[in-house]
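Observations on chain architecture
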Amino acid sequence: MRITGYAQGRGQGPGDRQRRGAAFRNRHRVGDRVQGRVLGWEGPGLAWVSIDNQPLLARIGSRPAAGSVMHFRVTALYPEIVLQELGPGPGRGSALLAVMQDFGLARARFEAAAREILKQNAALVELEARRKALFRALAQEPDTAGLYLEVARCAALVDSALAGAGQGRFSYPPWLMPGAGRQELVARRAAVRGPDKGPPLVELILGFELDGLGAGQIRLLSRGGEAGFRVLLERPDQAAALLKFLGAQGPGLTRRSTCLGVDRLPESAHGGVLPEIFLGLPGEPTGVSSPV
């Protein structure tokens, strides 16, 4: 996908397009991955895409619906801004994208059907009690249990794809954070800069969504008997309430590890943990290089 102007045709003059182009170049470097939302279609292959809250007219090879979130890699900034559409190619990335989409759909169906079960489950403090209570409740509702089994099947495929790509292990633990939806847990060996001769540094990433807080992640690093975690929230002003909530759950995350800080969740991570990891995998993204 090549972009040669910003908001061309939407009441913006050449000076506005130049300023927006300069702003994009100041913010991004070649190789960066950016996220955009499709605003609508100008014509066959020509779409308006909002990136950094700025509308861009772009030529896109796929045909996503308006409102779809897309991911791109910056491949050039001069003389034109060139973004390469990241999508399913023939390699490992495409396989993970397919199972990731299947998992997301299966999880949404299950959580919609199990809303009351999960709500009642959230009242239990102990993690193991929540897990057992969930399966007892599902045993009484075969249709909802079938939806859970489909989520578990898709999660196992995601786990297999991640493990095969050397990106860690994946699981779906709806009992882990009470009251939270869209939970997903990735465990992997953390990257370490420079020589590392100590025990392995393990990273746990829990993605979730909570009413009043929006999307969030807890990223925990542990080595030996030491552990620390960082909280990323769509609404970081609610961090104090979340930390208090976490400390009250069973053994309490905040009593077994150190909070290393709270940051705003990047917009690119609002879709969950899996898209972020998926975009880090080697693959063969698609793209169209015709100028707009």
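To start, this report covers the structure provided alongside it. (Residues numbered from 1 in each chain as written. Predicted model: local features only at pLDDT ≥ 70, side-chain atom pairs only at ≥ 80, totals over all residues. Heavy atoms only, no water.)

With respect to unusual backbone geometry
As a reminder of what qualifies: Starting at the N terminus, helices and strands are each numbered in turn, a helix being any DSSP run of H or I of at least four residues and a strand any DSSP run of E of at least two. Only protein chains enter the accessibility calculation, which uses a 1.4 Å probe. A residue is then buried if its area is under 20% of the maximum for its type, exposed if over 50%, and partly exposed in between.
A positive phi angle is found at Arg182, which is not glycine, with a value near 50°. Along the chain, Arg182 turns up in strand β8 (residues 181-189). We classify Arg182 as partly exposed; its relative accessible area is 29%.

Here we look at the environment of His71
With respect to the secondary-structure elements, His71 resides in strand β5 (residues 69-76). Since its relative accessible area comes to 15%, His71 is described here as buried. Note: C-alpha distance between His71 and Val34 (37 residues apart in sequence) is 5.8 Å.

With respect to the sheet that holds strand β11 (residues 226-233)
Short version of the rule: Paired strands, in this sense, are two strands between which DSSP finds at least two bridges. Interaxial angle, 0 to 180 degrees, is taken between N-to-C directions of lines fitted to C-alpha atoms, where a helix line uses only the stretch in contact.
What the six strands build is an open sheet, ordered β7-β8-β9-β10-β11-β12; its pairing is mixed. Both outer strands of the open sheet, β7 (169-171) and β12 (258-264), are each paired with one neighbouring strand and no more. Taking each pair of neighbouring strands and ignoring which way they run, the sheet shows an average axis angle of 15°. Relative to β12, β11 is paired through six bridges, and the arrangement is parallel. Bridge pairing links Leu233 to Arg264 in β12.

Some points on helix α5 (residues 142-164)
For clarity, the threshold we go by: In this analysis, the expected span of each helix is defined as 1.5 Å times one less than the number of residues it contains.
Given a rise of 1.5 Å per residue, 23 residues ought to cover 33 Å, and the 33 Å separating the end C-alpha atoms of α5 matches this to within 8%. The complete set of buried residues in α5 reads Thr144, Ala145, Tyr148, Val151, Cys154, Ala155, Val158, Asp159 and Leu162. Of the residues one or two after α5, Gly166 is the one with positive phi, at around 70°.

Thoughts on empty space enclosed by the protein
Just so we agree on the cut-off: Grid points spaced at 1 Å and placed over the protein atoms alone form the basis of the search, with a cavity being a set where a 1.4 Å probe fits but cannot get out and a pocket an open set showing protein on both sides within 12 Å along at least five of seven lines. Lining residues have an atom within 4 Å of a point. Grid points are joined across faces, edges and corners, and a volume is the space filled by probe spheres set on the points. Amino acids outside the nonpolar list (Ala, Val, Leu, Ile, Met, Phe, Trp, Tyr, Cys, Pro) and the charged list (Asp, Glu, Lys, Arg) are all regarded as polar, and Gly is one of them.
By the definition in use, this model includes two cavities of 30 Å³ or more. Residue lining of the second largest cavity: 14 residues in total, with Glu184, Gly207, Phe208, Gly216 and Gly272 positioned closest to the centre. Its residues assigned to classes, the lining of the second largest cavity comprises four nonpolar, six polar and four charged.

Points about the pairing of β8
With three bridges joining them, β7 and β8 adopt antiparallel strand pairing. Bridge pairing links Phe170 to Val186 in β8.

Thoughts on the nonpolar core
Soluble, globular proteins show a tendency: their nonpolar side chains are buried together. To keep things clear, this is the line we draw: Buried Ala, Val, Leu, Ile, Met, Phe, Trp, Tyr and Cys residues form a nonpolar core when they are joined through side-chain atoms within 4.5 Å. The contact definition used throughout considers only heavy atoms, calling two residues in contact when any of these lie within 4.5 Å.
If you look at the biggest cluster of nonpolar residues, it comprises 25 residues, and the most contacted ones within it are Phe103 and Phe170. Where this core is concerned, the elements lending two or more residues are α2 (92-113), α3 (115-121), α4 (127-139), α5 and α8 (273-279). Ranked by residue count, the leading element in this core is α5, at seven residues. Filtering out sequence-adjacent residues up to four positions away, Phe103 remains in contact with Val151, Cys154, Ala155, Val158, Phe170, Tyr172, Gln183, Glu184 and Leu274.

This is a description of form; function is not addressed.
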